[in-house]
Amino acid sequence: MTEAFLYDAVRTPFGKFGGGLAGIRPDDLAAHIVRAIVDRAPGLTAEALESGSVDEVIFGNANGAGEENRNLARMATLLAGLPTSIPGTTVNRLCGSSLDAAMIASRQIAVGDSDVVLVGGVESMSRAPWVLPKTEKPYPAGDMKLSSTTLGWRLVNPKMPSEWTVSLGEATEQLRERHAIGRDRQDEFAARSHNLSDKAWNEGFYDDLVVPVPGTDLTRDEGIRPGSSAEKLGGLRTSFRSDNGDRSGSTKGGTVTAGNASPLSDGASAVLLGSEAAAGTLGLEPIARIAGRGAAANEPQFFGFAPVEAANRALAKAGITWDQVGAVELNEAFAAQSLACLDAWKIEPEIVNQHGGAIAMGHPLGASGGRILGTLARSLQRSGERWGVAAICIGVGQGLAVVLENVAAAKQSAE
């Protein structure tokens, strides 16, 4: 089997719902980030692209109901000006779509079907359309209801058990009840996300990971609130239940707020994956090896806990254990579900999301997997740690995880 390596990663700043990127179509966001990562690879000249140096483009997207329809990956490739000979396919595993794209690409490389694959993801939650289903009978006389495609369940099949189709927020309340995670811990975790994100931007960590979008003024993630504190966040009203929960972990009342959950967001990410031989094609040195992959599923309402088993499976595939892991990028859909995962893994919180997380930066569904994978690779490169885990929860009860091995640290260990 051929090893798969990560050579580069880049993303746009993430914009708030209705914010700095709301005026940009998702297929244009995707095309921009495809072009950006291609232009960063010295070997991917126009001539090289025409000769087949990129075998495929795989992009993740969770919506697919609006301007990103008709196979987003193919549309982005064409809009980016890449040769028409490069095929593209779009993946939908909801929040895990772009991480799934990377996992699929790494398998293609492993079996020798591809040598270089460009992967990524995009979401414009601002531009997600309303949909009007067709009627069962012709010529309806009454009013019709539009359904928003921005987030969560819509047009639910009546055969689905009602406990599975609760809102993501209510599902998180049920998860935190099961694991006795109180409001105070959630707000502290959320404040940490904002402050670490702000610190990382100020120190230049994201300078090489993020490229602005032409026609916008956004130069960094729009949702970050510098100077956040648990005390400030503690003053926010709960969003999914009445505000009467015991802050230390009572099983009654609400705890999830707009402050300790990831916001609706817009953005795109891209990652270049290839075999070891692809270094010559790309003109780049590999940063990290895809060492393990894992997917898991549980009851839909406990989607936030699914990364636990996914990461454990990925670690087993990589042949390592949690005590060898030096960095974790866990997508922060909600503080409560993130904390439930950390508690289950029994890892030191300090190694998790050291440069901030989705509660601060945002969670544009299809783009988030690429963001955490790229951030993890650069984090390992900077710190010198050998092993890292990127994990993400997925609506309807799934989780994905990838283990990365820092190439430089592996070489040093072998010497």
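Keep in mind that this is a model prediction, so the values were computed, not measured.

**Concerning the nonpolar core**
Step number 1: Counting residues in hydrophobic clusters, the biggest one holds 43 residues, and the most contacted among them are V119, Y206, L273, L373 and L404.
Step number 2: Setting aside its immediate chain neighbours within four residues, Y206 contacts R11, A200, W201, H355, M361 and T375.

**Focus: the pattern of salt bridges**
Step number 1: Scanning the model with the defined rule gives 20 salt bridges in all.
Step number 2: The salt bridge partner of R11 is D221, with a shortest N-O separation of 2.8 Å. Note that R11 is positioned in strand β1 (residues 5-11) and D221 in the loop between α6 (183-202) and α7 (230-233), a separation of 210 residues in sequence.
Step number 3: The buried category is assigned to R11, whose relative accessible area is 4%.
Step number 4: Here the salt bridges do not stand alone but share partners, grouping E3, R289, R386 and E405 into one network.

**As for a nonpolar patch on the surface**
Step number 1: Together, W130, L132, M144 and L146 give the surface a local cluster of nonpolar side chains, amounting to about 470 Å² of exposed area.
Step number 2: Summarising the element assignment, M144 is placed in the loop between β6 (130-131) and β7 (147-148).

**Description of the pairing of strand β3 (residues 56-60)**
Step number 1: Of all five residues in β3, five are buried, a share of seventy percent or more.
Step number 2: Across the two faces of β3 the burial is the same, with E56, I58 and G60 and V57 and F59 all buried.
Step number 3: Pairing of β3 with strand β5 (residues 116-124) involves five bridges; the strand directions are parallel. Note on β5: the bridge partner recorded for F59 is G120.
Step number 4: As defined by bridge partners, β3 adjoins strand β4 (residues 88-91) across four bridges and the pair is classed as parallel. Looking at β4, one finds that V57 is bridged to G88.
Step number 5: Handedness of the crossover joining β3 and β4 through helix α3 (residues 72-79): right-handed.

**Things to note about the packing of aromatic side chains**
Step number 1: In total, this model carries four aromatic pairs according to the counting rule given.
Step number 2: Seen in terms of ring centroids, W201 and Y206 are 5.2 Å apart; in terms of plane orientation they differ by 35 degrees. Their pairing is tilted. Here the two residues W201 and Y206 agree in accessibility, since each one is buried.
Step number 3: When the ring of W322 is compared with that of W345, the centres are 4.8 Å apart and the planes differ by 40 degrees; the resulting orientation is tilted. Here W322 is found in the loop between α9 (307-318) and β10 (325-330), whereas its partner W345 is found in helix α10 (residues 335-345), with 23 residues between them in sequence. Assigned by exposure class, W322 and W345 land together as buried.

**Focus: helix α5 (residues 168-178)**
Think of an α-helix as 3.6 residues a turn; residues three or four steps apart then line up on the same face.
Step number 1: Most of α5 is tucked away, with eight of its 11 residues classed as buried.
Step number 2: Along α5, the residues that are buried comprise L168, G169, E170, A171, T172, E173, L175 and R176.
Step number 3: Taken together, the buried residues of α5 touch α6 and α10.
Step number 4: Of the residues flanking the end of α5, it is A180, one or two places downstream, whose phi is positive at about 50 degrees.

**Overview of the side chain of S338**
Step number 1: Following the sequence through the fold, S338 ends up in helix α10.
Step number 2: Judged by relative accessible area, which is 0%, S338 ranks as buried.
Step number 3: For S338, the residues in contact, after removing those within four places along its chain, are F189, L330, N331, E332 and A333.

**Structural notes on the packing of helix α1 (residues 26-39) against α3**
Step number 1: Contact geometry for α1 and α3: axes closest at 8 Å, N-to-C directions at 60 degrees. The orientation of α1 with respect to α3, classified from their angle, is oblique. In terms of crossing hand, the pair formed by α1 and α3 is right-handed. In this structure, α1 contributes P26, D27, D28, A30, A31 and V34 to the contact, and α3 contributes L72, A76 and L79.
Step number 2: Of the residues belonging to the contact of α1 with α3, the class tally is seven nonpolar, no polar and two charged.

**Structural notes on the side chain of Q301**
Step number 1: With respect to the helices and strands, Q301 occurs in the loop between β9 (288-297) and α9.
Step number 2: With a relative accessible area of 10%, Q301 lands in the buried category.

**Points about the packing of helix α4 (residues 97-110) against helix α12 (residues 368-383)**
Step number 1: Axis separation between α4 and α12 bottoms out at 5 Å; the angle between their running directions is 65 degrees. Contacts between α4 and α12 involve S98, L99 and A102 on the former and, on the latter, S368, G369, G370 and L373.
Step number 2: Tallied by class, the residues present in the contact of α4 with α12 amount to three nonpolar, four polar and no charged.

Calculation rules
Residues numbered from 1 in each chain as written. Predicted model: local features only at pLDDT ≥ 70, side-chain atom pairs only at ≥ 80, totals over all residues. Heavy atoms only, no water. Core = buried A, V, L, I, M, F, W, Y, C linked by side-chain atoms within 4.5 Å. Buried < 20%, exposed > 50% of the residue type's maximum accessible area, 1.4 Å probe, protein only. Contact = heavy atoms within 4.5 Å. Salt bridge = Lys/Arg side-chain N within 4 Å of Asp/Glu carboxyl O. Helix = DSSP H or I, 4+ residues; strand = E, 2+ residues; numbered from the N terminus. Patch = residues over 30% accessible without salt bridge, like charges linked within 9 Å, V, L, I, M, F, W, Y side chains within 5 Å. Areas by Shrake-Rupley, 256 points an atom, 1.4 Å probe, with all protein chains shown as cover. Pairing = 2+ DSSP bridges. Right-handed = clockwise from strand over helix to strand, strands pointing away. Phe/Tyr/Trp six-rings, centres within 6.5 Å; stacked < 30°, edge-to-face > 60°. Axes fitted to C-alpha atoms, helices over the stretch in contact; angles between N-to-C directions. Parallel < 35°, antiparallel > 145°, perpendicular 65-115°, else oblique. Left-handed = near helix turned anticlockwise from the far one by under 90°. Nonpolar A, V, L, I, M, F, W, Y, C, P; charged D, E, K, R; others polar.

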